Every structure is written in structure tokens, then in C-alpha cells.
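Tertiary structure, described
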Amino acid sequence: MSIALSEQELFRRKSLQELRALGINPYPAEAYDVNAWAQDINDKFEASPDKYKQVTVAGRIMTRRIMGSASFFELQDSTGRVQVYIKRDDICPGEDKTLYNTVFKKLLDIGDYVGVKGFVFITQTGEISVHTEELTILAKSLKPLPVVKREEDGTIHDGFTDPEMRYRQRYVDLTVNPDYRNIFINRSKVISTMRNYFNAQGWLEVETPILQAVHGGAAARPFNTHHNTLDMPLFLRIANELYLKRLIVAGFDGVYEFGKMFRNEGMDRTHNPEFTSMEIYVAYKDYIWMMAMVEECLETVAKAVHGNPVVQVGKHEINFAGPYEKLSMYDSILKYTDIDVSAMDEAALLKVCADLGIETNATMGKGKLVDEIFSEKVEAHLIQPTYITDYPIEMTPLAKKHRTKDGLVERFELFVNGKEIANAYSELNDPIDQRERLEEQLILAGRGDDEAMAMDDDFLRALEYGMPPTSGLGIGIDRLVMLMTNQSTIQEVLFFPQMRPEKKEQAKISTIEDFVAEGVPAPWVLVLKNMGINTVEQLKAQNPNKLFNDLGGMRKKMKLDIPMPTKEEVIAWCS
RNA sequence: GACUCGGUAGCUCAGCUGGUAGAGCAAAUGACUCUUAAUCAUUGGGUCGAGAGUUCGAAUCUCUCCCGGGUCACCA
């Protein structure tokens, strides 16, 4: 952050002081009772003009068109923009025209929050506008907003488009690019629709620990942290699965949680270190039941956002109405590569990978090799919602063994637009089987797989008390929102995507101590900084006579009750 | 992590094979009573991402670093 202020910022700070000098509080404390909004006025004024004879609107000034004693500006509120007409003699009926000539024309800027009381009318050129009868300053803006110009036909000039600045200063992005608000409004709609759907079935929304001593439930590298009082390492959760299953053990029929997960891995357009997942577990169900539930749920979500189940995503039209295509993992590989891997051992799979040009390494077990082939050759083809079912047991330590097929587990993943968005099992509830499967993970960890799952003895203890047959599901909410809002990067559906810290400009700013060492009393250092003198070098460059006079002026202006230095002292500072 | 493109005024961008840093919008001052990318006139505004090097001279060439975009790898 630069300490030095730009010319425009200095002008705005000056305007702020002048407002105060005129007895106007630029940041009033009182509530401002708004009773009308831009979109409502624009949509409904013509049908019922009588309702808009006395309106109060509030928002930011976004553009100004000033002509002598009358002006137009555009006010932006949470719903959009409405044009405001302001006429000097209307807001200044007497001799004193200060409010218009000085306050409105000179001291207000683009970005300031104001409130307008008045009546709605239509201008000669046909634009619905609010005729100002009373203007109130609600908050002064000290940094100039980027000015994005829009023509009638929607053409945008000087757009604020640099992704780095948009993500770092999302408040600016959403102010000057209000269309992006819709993504977040729809994000909220996706989540609330799912929540309502689950609640209607009688399932319970719960919260489980984010700080975990054992990071279980998924294969991923965690963030490490430390608790001081307990003096023990903790992990930010990579999954909440094992806690939710403990709650099924505890006797709830259905539990679900929307929450952040944290994975210490790479970042790109589909991965953010923290992301939102929804996990749900329902007792006495299996993964076949779960497929039908997901179809109904996602169709409901798509309808809530778009009014119908068909969603445009990139160049594809994706239909979320079920039932979805179902394909076993082995069949999907057979379908897209003509290779039957279902009966192969590790050596044969390694050869297939080599033939297909897929890189492998020594830590990969059979399950991982199959997954590699699938990711490389199948995933990208799965555009319409497709369930991939029945995974090799090696890659899925928490799912129940398949009821009829040896070596497989009852699991499905839902793929849409070539990406996985959901993962579900018939949950493993045989505690002895579960212990063996986690022990196999420890062997993988021993081979160097740093994502293999850890042993969780308390979870096993819970299973030993007995967990009913259960089906569980996880959905990546960010990726689902990407689909529902037709966005190709996860950063666009997160308000504040993870970024490297902004580089601090090496502020060559001298400290208060540096100035004190030159003989400047501490209270005066602040005055100097207020005058734009931020370094000792700048101080040395001053004309002592001028500085002495200016200090007197600042002392009066800032109403400072500190002793004035003598001229000789000021000369000493500068020498 | 690799490759690649980029970082110049508050914002969007130009700036050639090195020669005093430019435009539009925004800002300041003035004119203007229905404008709408308002208009007209005048003016100010830059450590050209940071540092080092080559050179009489670097926004421009070289190297290192920082930040971001894209592609790939890793990864759900």
C-alpha cells in the first residue's frame, strides 16, 4: 500500500475538510430511511406513476453530467442505477446557492454515497429520473473508482477487467461491474435450495470440527496448525465425512453440512485452497437410492436458478433432469479406449498406462492406476450428467464392498461437463473390514503416497458400536455453482479467491523516530505527514520560512493545541 | 513446478530497430437549465512492477527477483 496520495485523493480529502467547514458531516450517524430502489422505479413507474410522487433513494454517484444550474447524475443502489435530476433553484430556493454550486458541483465526487428525496418523472429524452427535492451526503469516498462507461446498447468502454485487481479489490469489482453480483446471488440460491430440499426430508443440518487432530475422510494434503494451550498439532479438515458418520452412529436419520474444506495443494482455475463442500449421510439407504436423490436435488437447484433444468454451460446445453446415464468405471474405460482393465493386475495396468502414454510412478497401486487411465481417457467425454459407478476397492477405503462384484465397492461419482462434482458411497459400516482397509492405506503411505488416509481409532470405535446401513454423498459446491452460473474458473464464484499477498511498496517513509531525531516534536511529525512530507529528505528540501508559515496555518486549520515551534527551531529541522 | 504472455497517470491502453513519457476517460478551473460515453475551452497529474548490468543515454536491450493471466503438470 502506498502511503503517498495521488492528486485526486488529495483533492477528495480537501473536499472532505471543506464539507466539514460548511457544517456538513460527510459521515452522518443517523439512519437514512430509503423507500424506493432503482430497479423498482425503472420497472414500475410507468405503470403506476402515482406511487412514485415522494420517493427516497440512496446509493453511489456513478456518473455526473453537469450543465450550469441543472445536472443529471446516476445513482447506483443494490438493484441497479436510476438517473437523478438536480436543479439549483429547487434545492437552493433562497439566495444561498452553496448547496448546489459548491457542495454538489465541487465537493461531491463519483463514488460518494448520497440520499435523494424527490419525485419520479420522465425527461424530455424519455428517461425515468428522480427529481431532487432534498440531497443528503451519506458517505464521502476518498479513492476514485474506475469509471466504466456504458452506452445505451450495452457497449462498455474502459472496462475494469484486470482479474488481479478484480479479485484483490472485489468491492470495486462488484461496484463498477454489477453484473457479477448475479453469480453470487445465484450461488446463494443454489445453497438455499439444497438446504430447503434437505430440510423438507427431515434431515438435520449440523456442524462438525474444522480443527482436527487426525485428518481423515479424503486423500489430500492438509494444512498444519498448532494449538498453544494444548500444545498439540492440529489440521484444518480436508473432509468432514468421519464426523458425520459418527452422528449416524449416534442415531440421526439424516445429517448434512455445508462447510469449508482446506487442501494444501495446487491452485488453478478449478482449485482454491479452501472450498465449500456439502456432505450428507442418510441412514438405511444405499448408493442406488442416492442416485435418485441427487437427480431430484440437482433438477430442483437448476430450476431454482434458471427456471428450467437445462443449463447453458460454455458451448453445451446440460440437462439436469434425471435419470442420468450410469456407467461402471471399467465399462467407461472399455467404452472410450476399447481396453478391458477389469481383470488386470498391477503389472498389466502399468503396461496399459505405458501404451497410452500415461505417466506412472512406484507409489501407485492398482486403484490409482485405474483412476489415472480414467482421468486421462474418459473424464473429458462426460458432458451430460453421468454416474460412474463401482470403483476398484483399492482407491476407496471408506465404501462398502460391492454386493455382487468382487474387488469393487459401491460408489459413484457424478460427472458433468467433464468434471467430477459429486462422490457417493454405500458407506462401509463393518468395523473390522474398515480397520483392514485403513491399514492398507498405511501401507500405501509407507510406499510414499503422502495422500493416503490416516488411521482414526475413535472413528473405528464408533463403528464398533454399530452404524446402520447408510449412504453418503459429497458435492463440491463451488464447482456446482460454476456449472449453474456458466463460469469457467472457481475464482469467479468465490468472493475472495486466495491470492499471494500484495507486495508492500517499499515505503521509503521515515518513522516518527527519524523525525524526532532531527529535533521535530512528535505531535508535529503528524502535521508534517499531513502536509505530504513523509521523509527526512523531503523535510531537508523545504524552504524553512515557508514551512514555518505553513505550520502555523496547519495548526489553526487542524485546531491543534500544541506549542508552535520558533522559526529558529524550524530552520534547525531543515538543516 | 515448467512453458508462455503481461505489469506505463485514478481507470483503459499506445509508446517501432535505445534519444526529454502520450491518448481517451477520470481530476482541477471556467462556460452551459432536460443531459445520457453530455458538450466546449484551459490546466495539472508518472520512482514506465523492483533491483542490478550494458550504454554518452534505457519504458525500450541483458540478467535476477516480485505480482498476475493463459497452457501444461501435480491435485478432486
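Because the structure is a prediction, the values reported are computed rather than measured. Per chain, residue numbering runs from 1 following the sequence as it is written. Going through the entries in the order they are written, you letter the chains from A and number the ligands from 1. Note on the predicted model: pLDDT of at least 70 is required for a residue's local features to be given, and 80 or more for side-chain atom pairs to be given and counted; whole-chain, interface and lining totals, by contrast, use all residues. Side-chain measures were taken over the full set of non-hydrogen atoms in the model, leaving aside hydrogen atoms and water.

Turning to the overall build of chain A, a few remarks are in order. Strands here are runs of E lasting at least two residues and helices are runs of H or I lasting at least four, both read from the DSSP assignment and numbered beginning at the N terminus. Of the regular secondary structure elements, chain A holds 20 helices and 20 strands. Burial classification: accessible surface area is computed with a 1.4 Å probe over protein chains only, and a residue below 20% of its type maximum counts as buried, one above 50% as exposed, and the rest as partly exposed. By the burial criterion, 45% of the 575 residues in chain A qualify as buried. When contacts within chain A are restricted to residue pairs at least 6 apart in sequence, long-range pairs at least 24 apart make up 63% of them. Carbon and sulfur atoms form 51% of the exposed surface of chain A, whose accessible area is close to 29,300 Å². Contacts are assigned to residue pairs that have any heavy atoms within 4.5 Å of one another. Note that accessible areas follow from Shrake-Rupley with a 1.4 Å probe, and for residues the cover is restricted to the protein chains shown.

Here we come to the pattern of salt bridges. Take a side-chain nitrogen of Lys or Arg and a carboxyl oxygen of Asp or Glu: if they are within 4 Å of each other, that pair is a salt bridge. One pass over the structure, following the stated rule, counts 36 salt bridges. Between arginine 88 and aspartate 89 there is a salt bridge, and its shortest N-O distance comes to 3.3 Å. On the basis of relative accessible area, aspartate 89 is assigned to the partly exposed category, the value being 39%. With a shortest N-O distance of 2.8 Å, arginine 195 and glutamate 205 are connected by a salt bridge. Of the two residues, arginine 195 is situated in helix 7 (residues 181-200) and glutamate 205 in strand 8 (residues 204-205); the sequence distance between them amounts to ten residues. A single network of salt bridges, built from pairs that share partners, joins Arg166, Arg170, Asp173 and Glu492.

Think of a sheet as strands paired side by side through backbone hydrogen bonds, with each pair either parallel or antiparallel. Spatially, five strands are ordered 1-2-3-5-4 in a closed barrel, and the strand pairing comes out mixed. Pairwise comparison of adjacent strand axes, ignoring direction, gives a mean angle of 50° for this sheet. As judged from the six bridges shared by strand 1 (residues 55-67) and strand 4 (residues 113-122), these two strands associate in the antiparallel manner. Bridging across to strand 4, valine 57 finds its partner in valine 116. Where helices are involved, their axes are fitted lines through C-alpha atoms of the stretch in contact, as for all axes, and angles between N-to-C directions lie from 0 to 180°. Packed on one face of the sheet, helix 4 (residues 98-107) meets strand 1, strand 2 (70-77), strand 3 (80-87) and strand 5 (128-139) and runs near 90° to strand 1. Pairing between strands is defined by DSSP: at least two bridges between the two strands are required.

With that settled, the discussion passes to the sheet that holds strand 16 (residues 325-328). Judged by pairing direction, the sheet is mixed, and its eight strands sit side by side in the order 8-12-13-20-19-18-17-16 without closing on themselves. Edge positions in the sheet fall to strand 8 and strand 16, since each of these pairs with one other strand and no more.

In this section: the UniProt feature "binding site: Mg(2+) 1" (unreviewed entry) in chain A. UniProt positions are given in the numbering used here, feature names are shortened, and annotations may be inferred rather than shown by experiment. Residues given the UniProt feature "binding site: Mg(2+) 1" (unreviewed entry) here are Glu413 and Glu420. Along the chain, glutamate 413 falls in strand 18 (residues 408-416). Classification of glutamate 413 by relative accessible area gives buried; the value is 8%. With residues up to four places along the chain from it excluded, the contact list for glutamate 413 reads Thr386, Tyr387, Ile388, Tyr391, Glu420, Ala422 and Asn423. By the secondary structure assignment, glutamate 420 is in strand 19 (residues 419-426). On the basis of relative accessibility, which here comes to 29%, the residue glutamate 420 falls in the partly exposed class. With residues near it in sequence (within four places) discarded, glutamate 420 still touches Glu413, Leu414, Phe415 and Arg479.

Once that is clear, we can look at the confidence of the model for chain A. On average, residues of chain A score 86 in pLDDT, and 86% of them are at 70 or above. Summary of the metric used: pLDDT quantifies the predictor's per-residue confidence within the range 0 to 100. Element-level mean pLDDT values for chain A span from 55 in helix 18 (residues 536-540) up to 97 in strand 8. Counted against residues more than four places away or in other chains, residues 504-509, with its pLDDT under 50, gives nine contacts. Predicted as a complex, the structure gets a pTM of 0.84 and an ipTM equal to 0.88.

Time to look at the protein's contact with RNA strand B. Neighbouring residues are identified by heavy atoms, a residue being near a molecule or strand if any of them is within 4 Å of it. For RNA strand B, the set of nearby residues contains 55 residues, the closest of which are Gln124, Thr125, Ala219, Glu265 and Arg269. Looking at RNA strand B alone, sugar and phosphate atoms form 59% of those within 4 Å of the protein. Elements represented by at least two residues in the surface near RNA strand B include exactly helix 1 (7-21), strand 1, strand 2, strand 3, strand 6 (149-150), helix 5 (163-168) and strand 18. In terms of residue count, helix 5 provides more of the surface near RNA strand B than any other element does, four residues in total. Lys, Arg, Asp and Glu make up the charged group, whereas Ala, Val, Leu, Ile, Met, Phe, Trp, Tyr, Cys and Pro make up the nonpolar group; the residues left over, Gly among them, are polar. Taken together, the residues that form the surface near RNA strand B break down as 18 nonpolar, twelve polar and 25 charged.

Turning our attention to the nonpolar core. As used here, the term nonpolar core means buried Ala, Val, Leu, Ile, Met, Phe, Trp, Tyr and Cys residues forming a set that is joined through side-chain atoms within 4.5 Å. Core analysis: the biggest nonpolar cluster contains 48 residues, and Met194, Phe198, Phe320 and Leu473 have the highest contact counts within it. A total of ten residues in this core trace back to one element, the largest contributor, which is helix 9 (residues 287-306). When residues no more than four places from it in sequence are discounted, the contact partners of phenylalanine 320 are Glu295, Leu298, Glu299, Ala302, Pro309, Val311, Pro385, Val416, Leu483 and Met484. Counting residues in each nonpolar core, the second largest holds 41 residues, with Val352, Val378, Ile393 and Leu463 among its members.

Below, the discussion takes up a negative patch on the surface. Taken together, the side chains of Glu394, Asp430, Glu436, Glu439 and Glu440 make up a negatively charged region of the molecular surface. The topology assignment puts glutamate 394 in the loop between strand 17 (386-392) and strand 18. By relative accessible area, which is 32% here, glutamate 394 ends up partly exposed. Patch criteria: residues need more than 30% relative accessible area and no salt bridge. Like-charged residues are merged within 9 Å; nonpolar side chains of Val, Leu, Ile, Met, Phe, Trp and Tyr are merged within 5 Å. Residues scored as charged are limited to Lys and Arg (positive) and Asp and Glu (negative), so that His and the chain ends carry no count. For the purpose of locating charges, the reference atoms are NZ of Lys, CZ of Arg, CG of Asp and CD of Glu.

What follows is about the packing of aromatic side chains. Two aromatic rings, drawn from Phe, Tyr or Trp (for Trp, its six-membered ring), form a pair once their centres lie within 6.5 Å of each other, and the interplanar angle then sorts them: stacked below 30 degrees, edge-to-face above 60, tilted otherwise. Counted according to the given criterion, the structure contains 16 aromatic pairs. Aromatic side chains tryptophan 203 and tryptophan 289 sit 6.0 Å apart centroid to centroid with 80° between the ring planes, which places their arrangement in the edge-to-face category. Of the two residues, tryptophan 203 is situated in the loop between helix 7 and strand 8 and tryptophan 289 in helix 9; the sequence distance between them amounts to 86 residues. Accessibility expressed as a relative area gives 10% for tryptophan 203, which makes it buried.

All buried positions along helix 14 (residues 457-465) are accounted for by Phe459, Leu460, Ala462 and Leu463. Across the axial projection of helix 14, the buried residues extend over an arc of 155°, all falling on one side. Looking at the buried positions of helix 14, the neighbouring elements they touch are helix 8 (241-249) and helix 13 (431-446). Here a polar contact means two N or O atoms within 3.5 Å. Within protein one must be a hydrogen donor candidate and the other an acceptor candidate, and residues neighboring in sequence count only if both atoms are side-chain atoms. Put simply, aspartate 456 is the residue that caps the front of helix 14, since its side-chain oxygen is 3.3 Å from the backbone nitrogen of aspartate 458. One or two positions beyond helix 14, positive phi appears at glycine 466, with a value near 110°. Throughout, the arc means the angular range of directions from the helix axis out to the C-beta atoms.

Before going further, it helps to examine unusual backbone geometry. Residue proline 323 follows glycine 322 across a cis peptide bond; omega there is -5°. Tracing the sequence through the fold places proline 323 in the loop between strand 15 (316-319) and strand 16. Phi angles above zero are rare outside glycine, and aspartate 231 is one such case at about 45°. Tracing the backbone through its elements, the reader meets aspartate 231 in the loop between strand 10 (224-227) and strand 11 (232-236). Residue classification places aspartate 231 among the exposed residues on the basis of a relative accessible area of 57%. Here asparagine 486, not a glycine, exhibits a phi torsion of approximately 60°, which is positive. If you trace the backbone, asparagine 486 turns up in the loop between helix 15 (477-485) and helix 16 (512-517).

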